[in-house]
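Topology and contacts: notes
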Amino acid sequence: MKGLLNPDNRYGDDKSSAACSLFGMLDTTGRRFSSEAVIRAITNMHDRSNGLGGGFAAYGIYPQYPEHYALHVMYMSQAAKANVETYLRAEFDIEHAEPIPTSPANGIVNPPDVWRYFALPKQLDGLSGDDTVVQRVMHVNTSIADAFIFSSGRNMGVFKGVGFPEAIARYFRLEEYQGYLWTVHGRFPTNTPGWWGGAHPFNVLDWTVVHNGELSSYGINRRHLEMFGYFCTLQTDTEVAAYAVDLLVRRHGHSIETLAKILAAPLWSEIDRMPPRERALHQTLRQVYGSLLLNGPFTIIIAHTGQMIGLTDRIRLRPLVAGVRGDVLYLSSEESAIHLVCPDVERTWTPMGGEPVVGTVGVAPGPPKSAATTQAAGRKSARGRG
Amino acid sequence: MIVTSHNGHTKSYLKPRFRVDIVDERCIRCGCCVEQCSFDSMYFDTQYQRIGSTDENCVACHRCVVFCPTQAITIHQMSIEYKHNDHWRPDVIEDITRQSETGGVLITGMGSDKPWTCYWDKLCLNASQVTNPSIDPLREPMELRTFLGRKPDRLEIDPRTMEMKTTMGPQVRIETPIMFSAMSYGAVSLNVHEALARAASLAGTLYNTGEGGLHPKLFKYGPHTIVQVASGRFGVHPAYLDVGRIVEIKIGQGAKPGIGGHLPGEKVSATVATTRMIPQGTDALSPAPQHDIYSIEDLSQLIHALKEATNYTKPISVKIAAVHNSAAIASGIARAGADMIAIDGIRGSTGAAPKSIRDNVGIPIEMALASVDARLRAEGIRNQVSLVVAGGFRTSADVVKAIALGADAVYIGTAALISIGCTVCQACYTGRCAWGITTTDDKLTKRQNPEIAAERMANLLHSWSHEIKEMLGAMGINSIESLRGNRLHLRGVGLTRAEADILGVRLAGE
């Protein structure tokens, strides 16, 4: 089983692709809730994963350290732990360090040693705190063998590994956490064996991405991101989506709507029909950011502090259903999972390809105007081709 | 190659390369072949009342074969009777013989016919199976639209008004990533120039004037025209720069890197002379270097002079031949302010070039493209320029592979000429092209009807574009920008590890 832990992709593939189950749940009032519902929802979609990867992103779980970056680190060897800790002590003021609590769980075999550090960067090198953390994470992930920082945001954390998602939840004792936003992933990797670092969600700072699909544009997405200092080390195509979001939203200052128009750009035939100002904007977005278009089938749920976004590829080759009850927004691969955990869901709908579903803390969730007519159909069934 | 007894009194030692066979019982003595042959090979033998051929004059252009109404003519390569020798091959012996008879530089036409490794033939494309659905371009959108011009790293948008705050440089839209290479009026006939312009307009792409100016009759195709500024400055004037969509500075050409051009006075007709702004009948000599560009800072000055002259409304392209240090040169060109870089590989074609240069100088475009794209990315400046490559593109698959290696678009020249009859007989430099392509002879140029020729060229682009869409769809990609530089969709077969590393591709099975 050692191979499942080996960060060196023994088959030499640059990426692994996956079919998957996704679920996301956001309370837009910011009220924290337990992981119980999201675990039940993802368990309901058990057959969409194959036990080679599961993971959770939870926001609002570390209120005792609101300002500190919570670094979750996997160690595959004791030497790696010593090397990383030496580096972290040199670069960060560490407020608290501890092993992430775990319990034995069925199907979780030979796990890595997993620690978390609540820390603030010491030297900013003229960069912002966020940029410094990104740089430090890239350093550890590219230069220190047998170690991965797989979560690096504030007041949030990623928990993931090889196993069905419900087993991963038990393993990480997620029933002990309370968060206002959870996203979950069950993985069915196809062209590499699952390994701990390759499970979803993918993270940088407080950005997380869970993904169902395969990015046929991965090769160029990756090469474009390298020009901006992002290096893909986790051998899974979803990684590029996480870095693209960080580049476009945090560094380039784009809105979530603009982000969606870059990752799942409108077709030229649609752009050509837009009013002149809008057309100029969308044409320019494609000219400048064409290399970040995510091509191929995908549904992603992107999350960061206070916000959850669902997005499918522009020709909608993978499923996504959204649901609302009161202040809570649900996103799921299958509608059944929403009904299971929320029998009295008020509305469900199937978002259009390339049209983001955005839930924001402080804003009542609801379907976009264009989805109004699809509500009834969305209730019956959510069909996807994934 | 026309073979004549060069000094009039010496017997040539060169043997005819082709034999024209006429089946007498099929021949109806119509004389069509005699009329069509512009190389003085076919004649009517009045003594025996039959068609005869002067085989040593035949270049195997196949004009007579195609136009014979009774299919009476076949052309055969003469069998090689030299004693077999892998080193002193027949072509080597014949070149030496020819040089001994003339004392001149061997001149030839078209691209190199030497067996350079063609890396396109050693690269396999990917396709989707199961995990990723392939896309059917007949049922789903499939986008080839491409924009040429400088792109910023980042687009700044006012989040409240959604107003763009970044000013973009001029962008030129093409609907298929294939353009027509530089072929000058003079090297090709005006009818061919017009056909290229019309075909580019029909297909939503661009053609390139080459270094021969632009006949005023073709100004109306300006939005589909790349105007070239080369070392001879032929035909460069304000209206010429104004009318083009892109201005290209030509430094070098794949068929003849490091040397200039020579249009013999015989091809400089009255209209060629007017268009080039030189006296009729004089040789049009393009110097080897541009005499105002002796270093990269001089190039930068010319780039900016042309931007000023065109009021910053047109991308400025710089075309170079693929040579050993193309990557470093390309980086310099990008930093010198160019918006596009065109690179032409060793298999690139020409109307006329010294054979020794054509067949030996430069490097394959595949290697140059891979190293230039990788270098510009390593320096973080790839998006500052559009990369256009040229040099022997034969099929839509070659184009797809070039885009996956990192090109924005390709130039095709020879393929476009083949679409209107060219058989790559390599006699362009003679000015006697029987297909009316590389000639300014009034009678021969009439053989190309611009409307029909344009339709044939546009058909070729249409056909390749469809095939590109099929290949993209198979890969699970529905827009060309997701293929550009996406080398994961390429796998090498029969490449050494070092070659694969330079191309930045994995080997098949990896």
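Residues numbered from 1 in each chain as written. Chains lettered and ligands numbered in written order. Predicted model: local features only at pLDDT ≥ 70, side-chain atom pairs only at ≥ 80, totals over all residues. Heavy atoms only, no water.

**Thoughts on the pattern of salt bridges**
Note on pairing: side chains with opposite charge can pair once their charged atoms come close. Residue and element names in this part refer to chain B. Tallied over the entire structure, the rule returns 53 salt bridges over all chains. Ionic pairing is found between Arg 98 and Asp 95, a salt bridge with its closest N-O pair at 3.3 Å. Of the two residues, Arg 98 and Asp 95 are both situated in helix H3 (residues 90–102); the distance of 3 residues between them amounts to about one turn of the helix. On the basis of relative accessible area, Arg 98 is assigned to the buried category, the value being 9%. The partner of Asp 339 in a salt bridge is Arg 150, with the nearest N and O atoms 3.3 Å apart. (Salt bridge = Lys/Arg side-chain N within 4 Å of Asp/Glu carboxyl O. Helix = DSSP H or I, 4+ residues; strand = E, 2+ residues; numbered from the N terminus. Buried < 20%, exposed > 50% of the residue type's maximum accessible area, 1.4 Å probe, protein only.)

**Regarding the sheet that holds strand S5 (residues 92–99) of chain A**
Residues and elements named next belong to chain A. Pairing is antiparallel in the open sheet, where 4 strands are placed in the order S5-S6-S4-S7. Lying at the two open borders of the sheet, with one neighbouring strand each, are S5 and strand S7 (147–151). Direction aside, neighbouring strands of the sheet carry axes that sit 30 degrees apart on average. Alignment of S5 against strand S6 (residues 113–121), held across 7 bridges, turns out to be antiparallel. For Phe 92, the partnering residue across the bridge sits in S6 and is Pro 121. Where helix H3 (residues 78–91) meets the sheet, its contacts fall on strand S4 (69–75), S5, S6 and S7, and the angle it forms with S6 comes to roughly 10 degrees. Running over the sheet, helix H4 (residues 129–143) touches S4, S5, S6 and S7 and is turned about 145 degrees from S7. (Pairing = 2+ DSSP bridges. Axes fitted to C-alpha atoms, helices over the stretch in contact; angles between N-to-C directions. Contact = heavy atoms within 4.5 Å.)

**Concerning the side chain of Thr 299 of chain A**
Residue and element names in this part refer to chain A. Structurally, Thr 299 can be placed in strand S13 (residues 298–304). Using a relative accessible area of 0% as the deciding quantity, one classes Thr 299 as buried. Of note is the side chain of Thr 299, whose polar atom sits 3.0 Å from the backbone oxygen of Pro 319. The residues touching Thr 299, leaving out its near neighbours within four places in the chain, are Leu 22, Val 210, His 211, Asn 212, Leu 311, Thr 312, Arg 318, Pro 319 and Leu 320. (Polar contact = N/O pair within 3.5 Å; in protein donor to acceptor, adjacent residues only side chain to side chain.)

**Observations concerning the interface of chain B and chain A**
In this assembly, 44 residues from chain B lie in contact with 44 residues from chain A. The contact between chain B and chain A buries some 3800 Å² in all, and 53% of this surface belongs to carbon and sulfur atoms. Inspection of the chain B/chain A interface yields 6 salt bridges. Salt-bridge contacts for Glu 481 of chain B lead to Arg 286 of chain A; the nearest nitrogen and oxygen are separated by 2.9 Å. Among the elements that take part in the side of chain B that touches chain A, helix H10 (residues 365–378) of chain B stands out by supplying 4 residues, more than any other. (Buried area = accessible area lost by both parts, 1.4 Å probe.)

**What to know about the nonpolar core**
Residues Trp 120, Phe 180, Ile 249, Ile 343, Ile 412, Ile 437 and Leu 503 of chain B are the most contacted members of the largest nonpolar core, which totals 128 residues. Ranked by residue count, the leading element in this core is helix H14 (residues 450–475) of chain B, at 11 residues. In this view, Ile 249 of chain B contacts Val 229, Gln 290, Ile 293, Leu 299, Leu 302, Ile 303, Leu 306, Ile 316, Ser 317, Val 318 and Lys 319 of chain B; residues no more than four positions away in its chain are not counted. Formed by 61 residues, the second largest nonpolar core is a distinct cluster that contains Met 45, Phe 56, Tyr 177 and Leu 329 of chain A. (Core = buried A, V, L, I, M, F, W, Y, C linked by side-chain atoms within 4.5 Å.)

**Thoughts on helix H6 (residues 218–226) of chain A**
Most of H6 of chain A sits out of view: 8 of its 9 residues are buried. If you check which residues of H6 of chain A are buried, you get Tyr 218, Gly 219, Ile 220, Asn 221, Arg 222, Arg 223, His 224 and Leu 225 of chain A. Elements that come into contact with the buried residues of H6 of chain A comprise helix H7 (238–251) of chain A together with H10 and helix H11 (396–405) of chain B.

**Considerations on the packing of H11 of chain B against H14 of chain B**
All names here are of chain B. The N-to-C vectors of H11 and H14 enclose an angle of 50 degrees; their axes lie 9 Å apart at closest approach. The pairing of H11 with H14 is recorded here as oblique in orientation. Remark: the crossing between H11 and H14 carries right-handed chirality. Taking contact as the criterion, the partners of Ser 396, Ala 397, Val 399 and Val 400 in H11 are, on H14, Trp 464, Glu 467, Ile 468, Met 471 and Met 475. (Parallel < 35°, antiparallel > 145°, perpendicular 65-115°, else oblique. Left-handed = near helix turned anticlockwise from the far one by under 90°.)

**Quick notes on the confidence of the model for chain B**
Low-pLDDT portions of the prediction should not be read for the details of their coordinates. Residue and element names in this part refer to chain B. With 98% of its residues at a pLDDT of 70 or more, chain B shows a mean pLDDT of 95. A low-confidence stretch, residues 1–7 (pLDDT under 50), is modelled with 21 contacts involving residues beyond four sequence positions or located in other chains. Interface scoring of the predicted complex returns ipTM 0.90; its pTM is 0.90. (pLDDT = per-residue confidence, 0-100.)

**What to know about the pairing of strand S3 (residues 50–53) of chain B**
Residues and elements named next belong to chain B. For strand S2 (residues 42–45) and S3, the ladder comprises 4 bridges, and the chain directions are antiparallel. Paired with Asp 45 across the strands is Arg 50, a residue of S3. Between the end of S2 and the start of S3, which pair antiparallel, lie 4 residues, with Gln 49 showing a positive phi angle near 55 degrees.

**Focus: the pairing of S4 of chain A**
All names here are of chain A. In terms of burial, S4 is largely enclosed, as 7 of its 7 residues are buried. Across 7 bridges, S4 lies against S6 in antiparallel orientation. Across the sheet, the residue bridging to His 72 is Arg 116, located in S6. Sheet topology note: the S4/S7 ladder contains 4 bridges and is antiparallel. In the strand pairing of S7, Tyr 75 is matched with Ala 147.

**A closer look at the sheet that holds strand S20 (residues 490–492) of chain B**
All names here are of chain B. Across the sheet, 3 strands lie side by side as S6-S20-S21; this open sheet has mixed pairing. Of all the strands in the sheet, just strand S6 (123–125) and strand S21 (506–507) have a single pairing partner and so form its edges. Across 3 bridges, S6 lies against S20 in antiparallel orientation. Bridge pairing links Cys 124 to Arg 491 in S20.

**Examining the confidence of the model for chain A**
Residues and elements named next belong to chain A. Summary statistics for chain A give a mean pLDDT of 87 and a share of 88% for residues scoring 70 or more. Throughout residues 1–14 the model reports pLDDT below 50, and contacts reaching past four residues in sequence, or to other chains, amount to 36 contacts. Segment residues 372–386 is flagged for pLDDT under 50; beyond a separation of four residues in sequence, or across chains, it makes 28 contacts in the model.

**Notes on H14 of chain B**
Residue and element names in this part refer to chain B. For H14, spanning 26 residues, the distance from its first C-alpha to its last is 37 Å, which sits close to the expected 38 Å at 1.5 Å a residue. The backbone nitrogen of Glu 451 lies 2.8 Å from a side-chain oxygen of the residue at the head of H14, namely Asn 449. Just downstream of H14 lies Gly 476, where phi reads positive at about 80 degrees. (Expected span 1.5 Å × (residues − 1).)

**Here's the deal with unusual backbone geometry**
Note the cis peptide between His 200 of chain A and Pro 201 of chain A, where omega equals 0 degrees. Of note in this structure, Val 424 of chain B is not a glycine but carries a positive phi near 55 degrees. Position of Val 424 of chain B relative to the elements: it lies in the loop between helix H12 (414–418) and helix H13 (442–445).

**Let's talk about the packing of helix H4 (residues 190–203) of chain B against H14 of chain B**
Two measures define how a pair of helices packs: the angle their axes make with one another and the distance between the axes. Residues and elements named next belong to chain B. Running from N to C, H4 and H14 point in directions that differ by 45 degrees, and their axes come no closer than 8 Å. Classed by the angle they form, the pair H4 and H14 counts as oblique. Along this stretch, H4 crosses H14, giving a crossing that reads as right-handed. Between H4 and H14, the residues in contact are Asn 191, Glu 194, Ala 195, Leu 196, Arg 198, Ala 199, Leu 202 and Ala 203 and Pro 450, Glu 451, Ala 453, Ala 454, Met 457, Ala 458 and Leu 461, respectively.

**A word on the state of the cysteines**
All names here are of chain B. Counted under the stated rule, the structure contains 0 disulfides over all chains. Of the cysteine sulfurs around Cys 37, a residue in no disulfide, the closest is that of Cys 61, at 6.4 Å. Considering cysteine sulfurs only, Cys 124 is the nearest to Cys 118, which forms no disulfide, with 13 Å between them. (Disulfide = S-S within 2.5 Å.)

**Side note on the packing of aromatic side chains**
All names here are of chain A. A complete count under the given rule lists 12 aromatic pairs over all chains for this structure. Centroid distance Tyr 65 to Phe 118: 4.2 Å. Interplanar angle 20 degrees. Geometry classified as stacked. Of this pair, Tyr 65 sits in the loop between strand S3 (54–59) and S4 while Phe 118 sits in strand S6; the two residues are 53 residues apart in sequence, bridging distant segments of the chain. Note on accessibility: Tyr 65 and Phe 118 belong to one class, buried. Lying across the ring of Trp 115, Lys 81 places its NZ or CZ 3.9 Å from the centre. Directly above the ring of Phe 202 sits Lys 160, whose terminal nitrogen or CZ lies 4.3 Å from the centroid. (Phe/Tyr/Trp six-rings, centres within 6.5 Å; stacked < 30°, edge-to-face > 60°. Lys NZ or Arg CZ within 6 Å of the ring centre and 35° of its normal.)

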